[in-house]
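Chain by chain, the residues run as shown.
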Amino acid sequence: RYCAHVLFIRGNLQSAETEVTWMSDETFLPQNYIFKTLSFFLFSSCFADVTWKVKANDRPYHQLPEFKKKVFLCIKKSKYSGNAIKTYKYNFLTFLPLNLYEQFRRVANVYFLRVPPNVLLEEKAKWREIQVGDVVRLKKNDFIPADLLLLSSSNPNSLCYVETAELDGETNLKFRMGLRVTDERLQEDHQLADFNALIECEEPNNRLDKFTGMMLWDRERYPLELDNMLLRGCKIRNTDWCHGLVIFAGGDTKIMKNGGKTRFKRTKIDELMNYMVYTIFALLILVSAGLAIGHTYWYEAIGTKAWYLFDGKDQTPGYRGFLSFWGYIIVLNTMVPISLYVSVEVIRLGQSKFINWDLQMYFAEKDTPAKARTTTLNEELGQIQYVFSDKTGTLTQNIMQFKKCTIAGRNYGDPTTAEGVSLERGKLVDWSWNRYADKKFQFIDHSLVAHVRSKKDKDAMEFFKLLSLCHTVMVEHKDDDLVYQAASPDEGALVTAARNFGYVFLSRTQDTMTIREMDQEMTYEMLALLDFNSDRKRMSIILKFPDGRIRLYCKGADTVIYERLSPSSKHKETTQTALDVFANETLRTLCLCYKDISAEEFEAWSRRHKEAQVTMNDREAALDAVYEQIENNLMLIGATAIEDKLQDGVPETIAKLAKADIKIWVLTGDKKETAENIGYSCSLLTDDMEIHYGDDVNEKLTRRQASRRDDPQAYRRGKKKTAEPFFPGSNKNALIITGGWLNEILYEKKKKRRRLRRLRLKRRQPPSNPQDGQPMDDWEKEMRQTDFVDMACECEAVICCRVTPKQKANVVSLVKKYKKAVTLSIGDGANDVNMIKTADIGVGISGQEGMQAVMSSDYAFAQFRYLQRLLLVHGRWSYIRMCKFLRFFFFKNFAFTLVHFWYSFFNGYSSQITFEDWFITLYNLAYSSLPVLLVGLLDQDVNDRLSLKFPKLYIPGQQGTLFNYKNFFISLFHGIFVSLIIFFIPYGAFLQTMGQDGEAPSDYQSFAVVAASSLIFIVNLQISLDTSYWTFVNCFAVLGSIAIYFGVMFDIHSAGIHVIFPSVFTFTGVASNALRQPYLWLTIILTVGISLLPVICIQFLSKTIWPSVGDKVQRNRKKYEMELKEDDDKKKPAPFQRGRRSRRSAYAFSHAQGYADLIASGQSFRRRPRAHGGPQESIREIPRREAENI
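Treat the numbers as computed from the prediction; the structure is a model and nothing was measured. The residue numbers shown here count from 1 along each chain, following its written sequence. Given that the model is predicted, a residue must reach a pLDDT of at least 70 before its local features are reported, and side-chain atom pairs must reach 80 or more before they are shown or counted; all residues, however, enter totals for whole chains, interfaces and linings. Based on all heavy atoms of the structure, the side-chain values leave hydrogens and waters out of the count.

As a further point, take the overall build of the chain. Each helix is a run of H or I in the DSSP string that is no shorter than four residues. Each strand is a run of E no shorter than two, and both are numbered from the N terminus. Scanning the chain from terminus to terminus reveals 45 helices and 33 strands. Think of it in three bands: residues with accessible area under 20% of the maximum for their type are buried, residues over 50% are exposed, and the middle band is partly exposed, with areas taken using a 1.4 Å probe on protein chains only. The buried share among the 1190 residues of the chain stands at 55%. Residue contacts follow a heavy-atom distance rule, with two residues in contact if any of their heavy atoms lie within 4.5 Å. Across the chain, the fraction of contacts at a sequence separation of at least 24, relative to all contacts at a separation of at least 6, is 75%. For the accessible areas, the method is Shrake-Rupley and the probe is 1.4 Å, while residue cover comes only from the protein chains on display. With the model as given, the accessible surface of the chain reaches about 53900 Å², and the carbon-plus-sulfur share is 56%.

Okay, here's the thing in structure tokens:
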């Protein structure tokens, strides 16, 4: 009756009444039904937020009013998303407003109202017809269209293999299983059509490692977990067909919940330019208003009294001042850079093309060039402060190679002959004697092959027999070839190594394993399989040999194996020495051992094992305890060393970026030990660094939080206080934290909503104890996040392991939010897309995990090592060029425009222009545009090789020293100074003059020609002084601009064109008349000289007395180029440098639990000891490990 009451409250009303009637009858109540009912009660109590219901084969059910949600005002729609995914940015209604919004974010476009066209793109897919509750059939190599509940498949027990590279970046296969009841009853089409189960599960979320639900079918309830789900984005492999029920579709799927929105990215310089345009607007208005006021007073004092100024209009001085204000807005409008953004876009387009054309970023092996997929972010590449990188496929090739081993105290793997003579350069072993050998496997120690083939070295034979038997690898026979499917690349590499040495794994059943030992095929009975997990760090198999012997084979991390060795085990010290050497070479190590077991001992242990398998209380702990009883007194055989092959040039790239003061964070879904090992391999972590883990980090954050609570006045809200460093001293530090620990820092919004909902329902009391170590309110949570970012940024390197795609993006957001830093994310898989979109710059690597990362990126190339060239060469050049262009562009516009300002003091503030109309029109278009444009495209302070040799040259870009408000005002005052010289020196020269022929060319038009000619010379010579890299094109542009000016001026001042257009060309004969006077040429020379002399002096003094790093490199450029040439001539492969510290955590094993649950027989197969396996372990550590870190 209690159970029925619970069902009546928690369950569906109609089904609950049925259960009540049935249970009220005096019929026998099965024990398993009571258990399942109680399980559902616990499930419902623990997951009160479970409101997602899916009815199989019933689309109208999901349109019921109870499943509607409010969209806008009274408009409602179903909360179940369709399966269509919109990848376009605009639609028909939003194109115009959104596009205008993005264009007007550039302030100058508000002024000029110029809106460029855009393109609408839409992707369509057949998947869009799928809806929640549909049953779908998938075939081999199909991508999964939605999040499905696996019902049945072509494999026994509804087993289905999936490739999850798009989700977690791992290329090894995972397995999924259907429930026993669906496997038995849903094989035929008519059975699937009649399927009418109701699924109750958690709401859509972004957790790739978790799914909890219940299936109600024919009055029975069945628990659902992640192992029963097929997630969108995965690919069906090694399974002919399978059936699934759609649980989440479209935007509700887990992969879409992990995908970030497409953000409109803008550079720091763009934002700064907007503020500078605001400043120019304000300056324009103030200057125009001041001159308008001046005109008002001038006209009232002088204009009304001068009869020759009377224009016949009866206008008050105030009204004339008002008209003068708008007149000066028009005259001085060139102060606002009309052509600035056009020129900027041309420069960015050119810089993008240079990236695309760079042959040193071309990967010939895959015919993949670098690709700039955007033209708006190039200069931001020169300001990167933090790089967030994926590991698998980005830093590594995700290819495991068996490199070395130690057997019975003897090391193998170095270049050696068959007789054991060491060589300087090895020759690859010829595997032609083994028809089963993998031709891609490479090994250079011939002595080990000779020992194995001689069959005299029993230890070596036992070593490879263990590798061929102690694993959970599945095998397929394809075209007379063996294809291994392993739970991790590590395990596949070990079985492949045994295969090449003559111990070939051929097949397995639930109870047997068959291998080929050299020329003899042997079958062993498998009595038990003790699978790997992150806590055990080992796996074992118990086999019965053909002669009746029972032996346990075990392989695992040295830290756990050495604790379980027998006191009589040999070679412990020599093996440990070899492990230290392997670890210092950043190889992933495993210890191999065995134990002979008597029949009586095994029988007793087997009974305890079966009891642990069916226990209801903490089954996992019970199994671990039973495993401990048999995994002891082991005999050591040796150890393996596997190389997780890095991409070429990764350590050198990371070292170069570190010298450029770029901090690198690695965000990966791999386990902590693997991530740490790769950190040492790629030189991200070094032996002189002190590594801090989750518990240490949590202790420091709690201590800082406690001090804040003890002294609330010092840390009161809104008051900034310089915090003490978390790591005082000069030592280098590194952080290694897990995704589970990050959950306590990130405080995702959904968790906040859940807490608020529980508070409203009074299911949880608010924390009242300030000493519990947890934040009490949102402000403390934000301060905790700030503390974490501050601590992490004090470190030389940060590694976050077991993180989900959403967590990767959240970590990037934290650094952007609290450090205001320019960030770059780089990855190669779909699990990196959100991180790539969140960062200021996203870089995609076209690797083995598809093209999703590339399609979402701003820049793409094939290898991580190209990142140093992208940043230190193209990024730095782009930033320097853009800064130099902007500084000069503002200068030349101020120098040109403010001449009108000085002239206004002599024309009654009447909005009279200084220059000819055509000169004003062509100044920015033809006379001064090309030289500065070429500087923005081609200039370079040092060449690419010196840029890579001296990474410190990158630091000015990070500090933003080359273009900021200081540089803007320097350009402004420089322009004011030059405009003063351009106006007043010719003005003084024209006051009292007389020409050679007795004429006095001191008229307004001659003055305009002299001032304009001086301006053209000054502007073009000034850009020549600022040019660091001279080419023929630059010379042609400078000289050509001056030539174009004089050519056009003489043409438009000619009498012929005046006759044709008398009202348009009014400066008839002015140029020829004025420029034939020598003293006017002297005036031009004097004006140009006085304008440029201070600039030359300042540049000379700054480069002599206060030289920058770039100045020093430029000064010694020839010397450094000679050194580089000599280095190329003498370049030889550097000898391997062994580290000084032994790291015993560098063990190689599956990133997730293996296939032991599939291999084990009967009840053990269906009652798995772990409720989560496979991919869950690839994302998050088990709760006990999280507790240790937190």
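Now that the structure has been shown, the text picks up again.
What follows is about the sheet that holds strand 7 (residues 173-177). The rule for pairing is simple: two strands pair if DSSP sees at least two bridges between them. The three strands are arranged 7-6-12 in an open sheet whose pairing can be described as antiparallel. Pairing within the sheet leaves two strands with one partner each, and these edge strands are strand 7 and strand 12 (235-237). Across the sheet, the mean angle from the axis of one strand to that of its neighbour is 45°, orientation sign disregarded. Direction of pairing for strand 6 (residues 159-163) relative to strand 7: antiparallel, over a ladder of five bridges. Pairing of glutamate 163 across the sheet is with leucine 173, part of strand 7. Interaxial angles span 0 to 180 degrees and are taken between N-to-C directions of axes, which are lines fitted to C-alpha atoms, for helices over the stretch in contact.

This part takes up the environment of histidine 295. Considering the arrangement of structural elements, one finds histidine 295 in helix 10 (residues 268-301). It is 4.9 Å that separates the C-alpha atoms of histidine 295 and tyrosine 909, two residues lying 614 residues apart in sequence. With residues near it in sequence (within four places) discarded, histidine 295 still touches Arg320, Gly321, Ser324, Gly908, Tyr909 and Ser910.

Generally speaking, a soluble globular protein has its nonpolar side chains buried in company with each other. Only buried Ala, Val, Leu, Ile, Met, Phe, Trp, Tyr and Cys residues count toward a nonpolar core, and they belong to the same one when joined by side-chain atoms within 4.5 Å. Phe885, Leu886, Phe890, Phe919 and Leu1015 are the most contacted members of the largest nonpolar core, which totals 83 residues. Ranked by residue count, the leading element in this core is helix 29 (residues 866-904), at 17 residues. Those residues in contact with leucine 1015 that sit more than four places away from it in its chain are Ala895, Phe896, Phe915, Phe919, Tyr923 and Ile982. Of all hydrophobic cores here, the second largest spans 54 residues; its members include Met400, Val429, Ala437 and Ala498.

Strands sit in the order 14-33-32-31-15-27-30-29-28 across an open sheet of nine strands; the sheet is mixed. Of all strands in the sheet, those bounded by a partner on one side alone are strand 14 (371-372) and strand 28 (689-692). Taken strand by strand, helix 22 (residues 694-710) contacts strand 28 and strand 29 (732-738), and its axis lies near 105° from that of strand 29.

Every helix has an expected span of 1.5 Å times one less than the residues it contains. Taking 1.5 Å of rise per residue, the 39 residues of helix 29 would be expected to cover 57 Å, and the 56 Å separating its terminal C-alpha atoms lies within 8% of that figure. Across the chain, bend at a residue is computed as the angle between axes fitted to the seven residues ending at that point and the seven starting from it. The sharpest bend along helix 29 comes to roughly 30°, located at glycine 875. For helix 29, the buried fraction is high: 38 of the 39 residues fall into the buried class.

Before going further, it helps to examine the UniProt feature "active site" (unreviewed entry) in the chain. UniProt positions are given in the numbering used here, feature names are shortened, and annotations may be inferred rather than shown by experiment. In this structure's numbering, the residues bearing the UniProt feature "active site" (unreviewed entry) are Asp390. Within the secondary structure layout, aspartate 390 lies in the loop between strand 15 (386-389) and strand 16 (396-407). The exposure class assigned to aspartate 390 is buried, which follows from its relative accessible area of 3%. If we ignore the near neighbours within four places in the chain, the residues touching aspartate 390 are Leu395, Leu667, Thr668, Lys808, Ile826, Gly827, Asp828, Asp832 and Met835. In protein, a polar contact means a hydrogen-donor-capable atom and an acceptor-capable atom, both N or O and within 3.5 Å, with residues adjacent in sequence counting only if both atoms are side-chain atoms; elsewhere, any N or O pair within 3.5 Å suffices. Within the local environment of aspartate 390, its side chain forms a polar contact with the side chain of lysine 808, the two groups lying 3.3 Å apart.

By convention, a stacked pair of Phe, Tyr or Trp rings (six-membered ring in the case of Trp) has centres within 6.5 Å and planes under 30 degrees apart, an edge-to-face pair has planes over 60 apart, and any other such pair is tilted. If you walk through the whole model with that rule in mind, you get 65 aromatic pairs. Judged by centre distance (6.4 Å) and plane angle (25°), the rings of tryptophan 902 and phenylalanine 905 are stacked. Lying over the aromatic face of phenylalanine 726, arginine 704 brings its terminal NZ or CZ to 4.0 Å of the ring centre. Sitting over the face of the ring of phenylalanine 889, lysine 892 holds its NZ or CZ atom 4.6 Å from the ring centroid. Definition used: whenever NZ (Lys) or CZ (Arg) falls within 6 Å of the ring centre and also within 35 degrees of the ring normal, the charge is taken to sit over that ring.

A few words now on a nonpolar patch on the surface. Residues qualify for a patch when their relative accessible area is over 30% and they have no salt bridge, like charges being joined within 9 Å and the nonpolar side chains of Val, Leu, Ile, Met, Phe, Trp and Tyr within 5 Å. Counted as salt bridges are all cases of a side-chain nitrogen of Lys or Arg within 4 Å of a carboxyl oxygen of Asp or Glu. On the surface, a nonpolar cluster with roughly 490 Å² of combined accessible area is contributed by Trp918, Val1059, Ile1060, Phe1061 and Val1064. Inspection of the secondary structure assignment puts tryptophan 918 in helix 30 (residues 917-927). By relative accessible area, which is 31% here, tryptophan 918 ends up partly exposed.

As a further point, take the pattern of salt bridges. This model, assessed by the stated rule, comprises 34 salt bridges. The salt bridge involving lysine 465 is made with glutamate 517; its shortest N-O contact spans 4.0 Å. Placement of the pair is lysine 465 in helix 14 (residues 458-469) and glutamate 517 in strand 21 (residues 512-517), with a sequence separation of 52 residues. The exposure classification of lysine 465 matches that of glutamate 517, with both residues buried. For arginine 551, the salt bridge goes to aspartate 596, with nearest N and O atoms at 2.7 Å. Here arginine 551 is found in strand 24 (residues 550-556), whereas its partner aspartate 596 is found in strand 25 (residues 588-597), with 45 residues between them in sequence. You can call arginine 551 buried: its relative accessible area is 9%. Of the residues examined, aspartate 596 reaches a relative accessible area of 43% and is grouped as partly exposed.

For the rest of this paragraph, the subject is the side chain of serine 928. Positionally, serine 928 belongs in the loop between helix 30 and helix 31 (929-938). The class of serine 928 is buried, set by a relative accessible area of 2%. At a separation of 2.8 Å, a polar atom in the side chain of serine 928 contacts the main-chain carbonyl oxygen of tyrosine 923. When residues no more than four places from it in sequence are discounted, the contact partners of serine 928 are Lys892, Tyr923 and Val1019.

Turning to the pairing of strand 31 (residues 823-827), a few remarks are in order. Of all five residues that make up strand 31, five are buried, and the element is covered over most of its length. Burial along strand 31 is two-sided: the face carrying Thr823, Ser825 and Gly827 and the face carrying Leu824 and Ile826 are both buried. As defined by bridge partners, strand 15 adjoins strand 31 across four bridges and the pair is classed as parallel. Residue valine 387 lies in a different strand from strand 31, and its bridge partner there is leucine 824. Both strand 31 and strand 32 (residues 841-845) contribute to a ladder of four bridges, which runs parallel. Bridge pairing links serine 825 to glycine 842 in strand 32. Look down the strands so they point away from you; if the path from the first strand over the helix to the second goes clockwise, the crossover is right-handed. Each parallel crossover has a hand, and for strand 31 linked through helix 27 (residues 833-838) to strand 32 it is right-handed.

Turning next to the packing of helix 25 (residues 778-793) against helix 26 (residues 805-819). For the pair helix 25 and helix 26, the least separation of the axes is 10 Å and the interaxial angle reads 95°. By the angle between their directions, the pair helix 25 and helix 26 is classed as roughly perpendicular. Packed against helix 25, whose contacting residues are Glu782, Gln785, Thr786, Phe788, Val789, Asp790 and Cys793, the element helix 26 presents Leu814, Val815, Tyr818 and Lys819 at the interface. Ten residue types, Ala, Val, Leu, Ile, Met, Phe, Trp, Tyr, Cys and Pro, are classed as nonpolar, four, Asp, Glu, Lys and Arg, as charged, and the remainder, Gly among them, as polar. Split by residue class, the contact of helix 25 with helix 26 holds six nonpolar, two polar and three charged. Any angle between 65 and 115 degrees counts as roughly perpendicular, while under 35 counts as roughly parallel, over 145 as roughly antiparallel, and the rest as oblique.

Moving on to the packing of helix 35 (residues 1004-1026) against helix 36 (residues 1032-1052). At their nearest, the axes of helix 35 and helix 36 sit 9 Å apart, and the two run at 165° to each other. As judged from the angle between their axes, helix 35 and helix 36 are roughly antiparallel. As helix 35 runs across helix 36, the sense of the crossing is right-handed. Facing helix 35, whose interface residues are Val1009, Ala1012, Ser1013, Ile1016, Phe1017, Asn1020, Ile1023 and Ser1024, helix 36 presents Val1038, Ser1041, Ile1042, Tyr1045, Phe1046 and Met1049. Class assignment of the residues belonging to the contact of helix 35 with helix 36 gives a composition of 10 nonpolar, four polar and no charged. By convention the crossing between two helices is left-handed if the near helix lies anticlockwise of the far one by an angle smaller than a right angle, and right-handed if it lies clockwise.

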